[in-house]
Amino acid sequence: MSVFRMPAEWEPHEATWIAWPHNPKDWPGKFPPIHWIYVEIVRHLHRNEKVEILVENDRLHRRVRKMLSDAGVDLEQVGFHRMGTDRSWLRDSGPTFVTDGDEVAAVCWRFNAWAKYSNWLKDVLVSRKIAEIERCRPITPEVRGERVVLEGGAIDSNGAGSLLTTEECLLSEDVQQRNPGMTRGDYESLFAEHLGVTNTIWCERGIVGDDTHGHVDDLARFVGPRTVVTVLETDRKDDNYEPLKRNWEFLKKQKDQDGKALEVLELPMPKPLYFRGVRTPASYANFYIANGVVLVPTFHDPNDRIALNVLASAFPGRDVIGIYSVDYVWGFGTLHCSTQQQPLGRVCG
C-alpha cells in the first residue's frame, strides 16, 4: 500500500497551477492591473517549470495568450484548461498534491469558500477536475462519513513529517467553522493518513485583516526541513504586535518530527495597508517557492528589501524576486494564495 506525503514546496515541481482572474468583484475598483500581475507571475515561473492555467472561457483564453506572448512568455511552457471558477485562489480550491516517491496523487478537499461566502459551486469542483486532467488518483478525505473542508493556505509542510497550521482556522467553533465536530486529534489523524504528517505544530492565530480567519501562509512558513520564517510586527500599537510576538515565542519552543528544535527566522511586516477603510492581509509570508525562484509580495514599503534579503539568505540557490502587490492584496490574497504546486513524479494515468 502506498504511503503518501505532502512534499515541501521547495522540492522539484512538475508544474505550477493557477486560475486566471475573471471576477471584477474580487478586486472592486482595482481589477484592471491584476491581469498584468498574473502575467508577471507566469513570466518568472515558466523559465523553470510548466505553468498550467485555468481559464473561464475561450475569449479569456485568447486574451491571456496574447498578453503572455506580448510579455515574452514561451507558450510552449504554458498549458491552458477551459474550466469555470468562482475565484482565482487556487491554493485553496485546488488539490493538495502528494507523492509516495513515485506516483503523484491529488488530495481533493471539500471547498466551501472559507465558510464565509456563498459563491463556491464552481470552485468546489476544481480539485477533482484538475485530478482528472492530470489523471491523478483522487483522494477525498472523510471523517465520520463527511468530506473534510480544508484549504491549502491553512497548512504548510516541511515534507519530512512536520506541518504548520493555526487553531484559529481549524478549531474555531464560532467564526468560519469548517468542520463542525472535528477535534484537534481528528485533524492530526487526517494529516497523518493523507499527508504523511507525524508532527502538527498548532500556532494560535493568523494576522489581522485575513478574511480566511487564520491561514498560516500569511503567518509562518517552512523554508527548510527545520527552519521556519514567521512575521513580526515592531509597532506596539498595531493589533498584530502581541499575537505575532506570542507566535514567535511559541515557535521558538517547537521541535520538528525528530524532536530537534526549530530554527526560527524573523520576517518583518509591511506597514498596515488599507483601501476604502478596510485593512488588507499584507504579509511577506505569502511568498511562493518554485523551481529556481521564490516570488515574494512587495508593497512599496521600506521593509520590502529586508524581507527579500531574509528570503534570499534562506534560498541561496534561487532567484528571490519581488512582485508588486499593493493592488493584488485588495483581493485578500497574493502569491501563495494564487498558486498550487504539482511535485515531480508520474501520475497513475
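Heads up: these notes are all about the structure in this document.

Calculation rules
Residues numbered from 1 in each chain as written. Predicted model: local features only at pLDDT ≥ 70, side-chain atom pairs only at ≥ 80, totals over all residues. Heavy atoms only, no water. 1 Å grid on protein atoms, 1.4 Å probe; cavity = no way out; pocket = protein on both sides within 12 Å on 5 of 7 lines; lining within 4 Å. Points joined across faces, edges and corners; volume = space filled by probe spheres on them. Phe/Tyr/Trp six-rings, centres within 6.5 Å; stacked < 30°, edge-to-face > 60°. Helix = DSSP H or I, 4+ residues; strand = E, 2+ residues; numbered from the N terminus. Expected span 1.5 Å × (residues − 1). Buried < 20%, exposed > 50% of the residue type's maximum accessible area, 1.4 Å probe, protein only. Arc of directions from axis to C-beta. Core = buried A, V, L, I, M, F, W, Y, C linked by side-chain atoms within 4.5 Å. Contact = heavy atoms within 4.5 Å.

## Remarks on the layout of surface pockets
- What the largest pocket holds in volume is close to 270 Å³.
- In terms of lining, the largest pocket is formed by 20 residues, of which the most central are D26, R87, Y117, D211 and G331.

## Things to note about the packing of aromatic side chains
- Under the counting rule described, the total for this entry stands at 12 aromatic pairs.
- Look at W27 and W89: their rings are 5.5 Å apart centre to centre, the planes differ by 50°, and that puts the pair in the tilted class. In this pair, W27 sits in the loop between β1 (13-19) and α1 (34-45) while W89 sits in the loop between β3 (78-82) and α3 (90-93), placing the two residues 62 residues apart along the sequence.
- Note on Y38 and Y328: the rings are 5.9 Å apart at their centroids and 65° apart in plane angle, and the pair reads as edge-to-face.

## Digging into helix α7 (residues 184-195)
- When the terminal C-alpha atoms of α7 are compared, their 16 Å separation across 12 residues agrees well with the 16 Å that a helix rising 1.5 Å per residue should span.
- Turning to α7, its buried residues number three or more, namely D186, Y187, L190, F191, H194 and L195. Seen from one end, α7 has its buried residues packed into an arc of 130°, which puts them on one side.

## Here we look at the nonpolar core
- Formed by 36 residues in total, the largest nonpolar core has its most connected members in L164, V231, L251, L267 and F287.
- If you list the elements that add at least two residues to this core, you get β11 (199-203), β12 (220-224), β13 (227-232), α8 (241-252), β14 (263-268), β18 (293-298) and α9 (303-314).
- Residue contributions to this core peak at 4 residues, all from β13.
- Apart from residues no more than four positions distant in its own chain, L267 is found in contact with V229, T230, V231, L232, Y284, A285, F287, A307, V310 and L311.

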